[in-house]
Amino acid sequence: MQPGELRQDETFWQRTKRKASENPFVLPAVGLTLFAFYRMTEALQRRDVVDFQKAQRFRISAQMLAIGTLVGGFVWSEYKRQIAAAAPATPSAAAPSEKPSS
């Protein structure tokens with residue numbers, strides 16, 4: 001199966017689990033982004049301008065991390081696919097071996 005092909009036989013949670021295992025660093029980075037949004041909301045409700053600004057900077061950093069891990073995962077999976085395609089095929093065990101005649 002090629003990357004990007006749709007699998008009709010898998011459920012939403014199976015697909016989510018498969019995608020998370022293919023690129024495991026994206027989910028924590030998105031979690032950091034959500035935590036930054038939470039901090040921004042708290043600071044906004046408290047009307048704490050300084051903490052709100054710090055939370056915005058944290059959010060931007062977390063979003064850059066999430067995008068970087070996503071792009072890095074794409075590059076890494078493409079690299080692995082190219083390495084697998086360039087690997088020489090292993091000789092088949094079913095082929096009989098030739099013995100030199102003396």
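Preceding this section is the structure that the text describes.
Now for a quick tour of the structure. Along each chain, residue indices are assigned from 1 in the same order as the chain's sequence is written. Reporting of local features is limited, given that this is a predicted model, to residues whose pLDDT is at least 70; pairs of side-chain atoms are given and counted only at 80 or more, and all residues count toward the totals for whole chains, interfaces and linings. Heavy atoms from the whole structure form the basis of all side-chain values; hydrogens and water molecules are not counted.

## Here we look at the overall build of the protein
Per the secondary structure count, the protein includes three helices and zero strands. In this text, helices come from DSSP runs of H or I with a minimum length of four residues, and strands from runs of E with a minimum of two, each type numbered from the N-terminal end. Order of helices (α) and strands (β) in the protein, N terminus to C terminus: α-α-α. Residue contacts are defined here by distance: any two heavy atoms, one from each residue, within 4.5 Å place the two residues in contact. A separation threshold of at least 6 residues defines the contact pool for the protein, and within that pool the share at least 24 residues apart is 51%. Accessible surface area values rest on a Shrake-Rupley calculation with a 1.4 Å probe, where residue burial reflects the displayed protein chains alone. Surface exposure of the protein reaches about 8,900 Å², of which carbon and sulfur atoms provide 63%.

## Structural notes on helix H2 (residues 26-46)
Look at H2: 31 Å from first C-alpha to last across 21 residues, which is about the 30 Å you get at 1.5 Å a residue. Among the residues of H2, those classed as buried are Val 26, Ala 29, Thr 33, Ala 36, Met 40 and Ala 43. End-on view of H2: buried residues confined to an arc of 105°, all on one side of the axis. Set apart from the buried face of H2 by more than 90 degrees, the exposed residues are Leu 27, Leu 34 and Gln 45. Where H2 is buried, its residues contact helix H3 (49-86). Once H2 finishes, Arg 47 follows within two positions and takes phi at roughly 60°, a positive value. One less than the residue count of a helix, multiplied by 1.5 Å, gives the span that helix is expected to have. Think of it in three bands: residues with accessible area under 20% of the maximum for their type are buried, residues over 50% are exposed, and the middle band is partly exposed, with areas taken using a 1.4 Å probe on protein chains only. Arc, as used here, means the arc of the directions from the helix axis to the C-beta atoms.

## Considering the pattern of salt bridges
Here a salt bridge means any side-chain nitrogen of Lys or Arg lying within 4 Å of a carboxyl oxygen belonging to Asp or Glu. One pass over the full model with this rule turns up seven salt bridges. Measuring nitrogen to oxygen at the nearest pair gives 4.0 Å for the salt bridge that ties Glu 22 to Lys 19. On the criterion of helical spacing, the pair formed by Glu 22 and Lys 19 is a turn pair, its members being three residues apart in helix H1 (residues 12-22). Assessed through its relative accessible area of 35%, Lys 19 is described here as partly exposed. In this structure, Arg 46 engages Asp 48 in a salt bridge whose closest nitrogen and oxygen atoms are separated by 3.6 Å. The exposure class assigned to Asp 48 is partly exposed, which follows from its relative accessible area of 29%. Here the salt bridges share partners, and the residues they tie into one network are Glu 10, Arg 18, Lys 19 and Glu 22.

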